[in-house]
Amino acid sequence: MPQPLIGSVELTLTVTKEGDQYSAICNELGTATYADTLREAVSELRELVGLHLRGLEEEGIAEEFFRENGIEI
């Protein structure tokens, strides 16, 4: 099993209102969602970003992904 990365990353979350819904995206990861309220959109995006990062860790490709996408640890 690969060793987990120790450190932190700075991610940019962008939320926009489109009609009656809010779309939210993590610019660096490309993870996105939409919801009826701003609070729901941000909450869902935070959960999805956590799942995305955990998946990268579990697959042992987080460091490579970060390097390829210019994300500093």
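Our structure is the block above this text.
Residues numbered from 1 in each chain as written. Predicted model: local features only at pLDDT ≥ 70, side-chain atom pairs only at ≥ 80, totals over all residues. Heavy atoms only, no water.

Enquirer: Which residues make up the packing of aromatic side chains, and what values do they have?
Expert: Evaluation of the coordinates by the stated rule reveals 1 aromatic pair. Look at phenylalanine 65 and phenylalanine 66: their rings are 6.3 Å apart centre to centre, the planes differ by 70 degrees, and that puts the pair in the edge-to-face class. When sorted by exposure, phenylalanine 65 lands in the same class as phenylalanine 66, which is buried. (Phe/Tyr/Trp six-rings, centres within 6.5 Å; stacked < 30°, edge-to-face > 60°. Buried < 20%, exposed > 50% of the residue type's maximum accessible area, 1.4 Å probe, protein only.)

Enquirer: Could you give an account of the side chain of serine 23, naming the residues involved and the relevant values?
Expert: Along the chain, serine 23 falls in strand 2 (residues 21-26). A polar side-chain atom of serine 23 sits 3.0 Å from a polar atom in the side chain of glutamate 18. (Helix = DSSP H or I, 4+ residues; strand = E, 2+ residues; numbered from the N terminus. Polar contact = N/O pair within 3.5 Å; in protein donor to acceptor, adjacent residues only side chain to side chain.)

Enquirer: An account of the environment of glutamate 64 is needed here, citing residue identities and associated values.
Expert: Mapped onto the fold, glutamate 64 is located in helix 2 (residues 62-68). Classification of glutamate 64 by relative accessible area gives partly exposed; the value is 39%. Along the primary structure glutamate 64 and glutamate 47 are separated by 17 residues, whereas in three dimensions their C-alpha atoms are 22 Å apart.

Enquirer: Describe helix 1 (residues 38-59), naming the residues involved and giving the relevant values.
Expert: Along its 22 residues, helix 1 runs 31 Å from first to last C-alpha, staying within 8% of the 32 Å computed at 1.5 Å per residue. Within the span of helix 1, buried status applies to Ala41, Leu45, Val49 and Leu56. Looking straight down helix 1, one finds its buried side chains confined to an arc of 70 degrees; they lie on one side. Of the exposed residues in helix 1, the ones pointing more than 90 degrees away from its buried face are Arg39, Arg46, Glu47 and Glu58. In this fold, the buried residues of helix 1 make contact with strand 1 (13-18), strand 2, strand 3 (31-35) and helix 2. Where helix 1 ends, the next residue or the one after it, glycine 60, has phi of about 75 degrees, a positive value. (Expected span 1.5 Å × (residues − 1). Arc of directions from axis to C-beta. Contact = heavy atoms within 4.5 Å.)

Enquirer: Give a detailed account of a negative patch on the surface, specifying residues and quantitative values.
Expert: Together, Asp20, Asp36, Glu40, Glu44 and Glu47 give the surface a local cluster of negative charge. The topology assignment puts aspartate 20 in the loop between strand 1 and strand 2. (Patch = residues over 30% accessible without salt bridge, like charges linked within 9 Å, V, L, I, M, F, W, Y side chains within 5 Å. Areas by Shrake-Rupley, 256 points an atom, 1.4 Å probe, with all protein chains shown as cover. Salt bridge = Lys/Arg side-chain N within 4 Å of Asp/Glu carboxyl O. Lys, Arg positive; Asp, Glu negative; His and termini not counted. Charge placed at Lys NZ, Arg CZ, Asp CG, Glu CD.)

Shape is all these values report; function is a separate question.
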